[in-house]
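Read off the chains here:
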Amino acid sequence: QELMCLPIWRSSAELVTSLSRLRATDAPAAQRAERRELLRQATLEWCELEDLTEFLDSQLAPLEQAIDNFRGEQEVLSKAHTPHIRDIGRLMFRNFCLLDSRLFRTICLAAYALVHEVHESLPGEGHSRGALTDLLDGVHAMLVGCDVADDD
């Protein structure tokens, strides 16, 4: 079991980072590589789903227009909405892949370990730090994309 400590205030970051066992220096290289590969695979699946929903969205443009018209009519009466095709795909990915699976905790731990790895990498390392930062940006984009309104 891994201990995860998250810094909340800037003044506590150094103390909390020293308590965490997710630091890059504490984990074997193979484990760090496996964590990065899990995050790469998750972002790859996200990108493929986004491509699929973009294709479906382009093919179902008349349905999307009808959804927009329905939303306009119902906006006054209720808060519930009919999601677009892309939103449905994002909701499914968030709810069934990220949140309701055995991967959730592992992805969280891998993401925080990646943050530690980027923080501990030297600025002059060039490609290595850049690759880590790119991966972290991809994970961030995936999570931001999953932030879709859900009906109550």
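Everything here concerns the structure above.
Description of the structure in this document. (Residues numbered from 1 in each chain as written. Predicted model: local features only at pLDDT ≥ 70, side-chain atom pairs only at ≥ 80, totals over all residues. Heavy atoms only, no water.)

### Here's the deal with helix H5 (residues 103-120)
Under the 1.5 Å per step criterion, the end-to-end length of H5 is 25 Å for 18 residues, consistent within 8% with the ideal 26 Å. Those residues of H5 that fall on the buried side of the exposure criterion are Ile107, Leu109, Ala110, Ala111, Ala113, Leu114, His116, Glu117 and Val118. (Helix = DSSP H or I, 4+ residues; strand = E, 2+ residues; numbered from the N terminus. Expected span 1.5 Å × (residues − 1). Buried < 20%, exposed > 50% of the residue type's maximum accessible area, 1.4 Å probe, protein only.)

### Observations regarding the packing of helix H2 (residues 29-59) against helix H4 (residues 85-99)
At their nearest, the axes of H2 and H4 sit 8 Å apart, and the two run at 155 degrees to each other. As the angle between them shows, H2 and H4 are arranged roughly antiparallel. For the pair H2 and H4, the sense of crossing is right-handed. Counted together, Ala42, Glu45, Trp46, Leu49, Glu50, Thr53, Glu54, Leu56 and Asp57 of H2 and Ile85, Arg86, Gly89, Arg90 and Phe93 of H4 form the full contact between these two elements. Within the contact of H2 with H4, the residues separate by chemical class into six nonpolar, two polar and six charged. (Axes fitted to C-alpha atoms, helices over the stretch in contact; angles between N-to-C directions. Parallel < 35°, antiparallel > 145°, perpendicular 65-115°, else oblique. Left-handed = near helix turned anticlockwise from the far one by under 90°. Contact = heavy atoms within 4.5 Å. Nonpolar A, V, L, I, M, F, W, Y, C, P; charged D, E, K, R; others polar.)

### A short note on the side chain of Thr43
With respect to the secondary-structure elements, Thr43 resides in helix H2. At 2.9 Å, the side chain of Thr43 forms a polar contact with the backbone oxygen of Arg40. Not counting residues within four places of it along the chain, the set of residues in contact with Thr43 comprises Gly138, Val139 and Met142. (Polar contact = N/O pair within 3.5 Å; in protein donor to acceptor, adjacent residues only side chain to side chain.)

### So, the pattern of salt bridges
Pairing of side chains with opposite charge becomes possible as their charged atoms draw close. Counted under the stated rule, the structure contains six salt bridges. With a shortest N-O distance of 3.0 Å, Arg86 and Glu50 are connected by a salt bridge. Residue Arg86 is found in helix H4, and its partner Glu50 is found in helix H2; the two are separated by 36 residues along the sequence. Glu50 is the salt-bridge partner of Arg90, the closest N and O atoms lying 2.9 Å from each other. Placement of Arg90 in helix H4 and of Glu50 in helix H2 is noted, with a sequence separation of 40 residues between them. The exposure class assigned to Glu50 is buried, which follows from its relative accessible area of 12%. Within the structure, one salt-bridge network assembled from shared partners comprises Glu50, Arg86, Asp87 and Arg90. (Salt bridge = Lys/Arg side-chain N within 4 Å of Asp/Glu carboxyl O.)

### Structural notes on the nonpolar core
Core analysis: the largest hydrophobic core is formed by 16 residues, its most contacted members being Leu39, Phe93, Leu98, Leu114 and Met142. Breaking this core down by element, the ones donating at least two residues are H2, H4, H5 and helix H6 (127-145). The greatest single-element share of this core, amounting to five residues, is contributed by H5. (Core = buried A, V, L, I, M, F, W, Y, C linked by side-chain atoms within 4.5 Å.)

### Comments concerning a nonpolar patch on the surface
Side chains of Leu52, Phe55, Leu56, Leu60 and Leu63 sit close together on the surface and give an oily, nonpolar patch of about 420 Å² of accessible area. Here the nonpolar patch gets three residues from one element, more than from any other, and that element is H2. Looking at the secondary structure, you find Leu60 in the loop between H2 and helix H3 (61-74). Given the relative accessible area of 33%, Leu60 is considered partly exposed. (Patch = residues over 30% accessible without salt bridge, like charges linked within 9 Å, V, L, I, M, F, W, Y side chains within 5 Å. Areas by Shrake-Rupley, 256 points an atom, 1.4 Å probe, with all protein chains shown as cover.)

### Here we look at H4
For H4, which comprises 15 residues, the first-to-last C-alpha distance of 20 Å matches the rise-based estimate of 21 Å (1.5 Å per residue) to within 8%. Within H4, burial applies to Ile85, Asp87, Gly89, Leu91, Phe93, Arg94 and Leu98.

### A word on the packing of H2 against H5
Interaxial distance between H2 and H5 falls to 9 Å at its minimum, and their mutual angle equals 115 degrees. By crossing handedness, the relation of H2 to H5 is classed as left-handed. Between H2 and H5, the contacting residues are Arg32, Arg35, Arg36, Leu38, Leu39 and Ala42 on the first element and Leu103, Thr106, Ile107, Ala110, Ala111, Ala113, Leu114 and Glu117 on the second. Class assignment of the residues belonging to the contact of H2 with H5 gives a composition of nine nonpolar, one polar and four charged.

These figures capture arrangement, not role.
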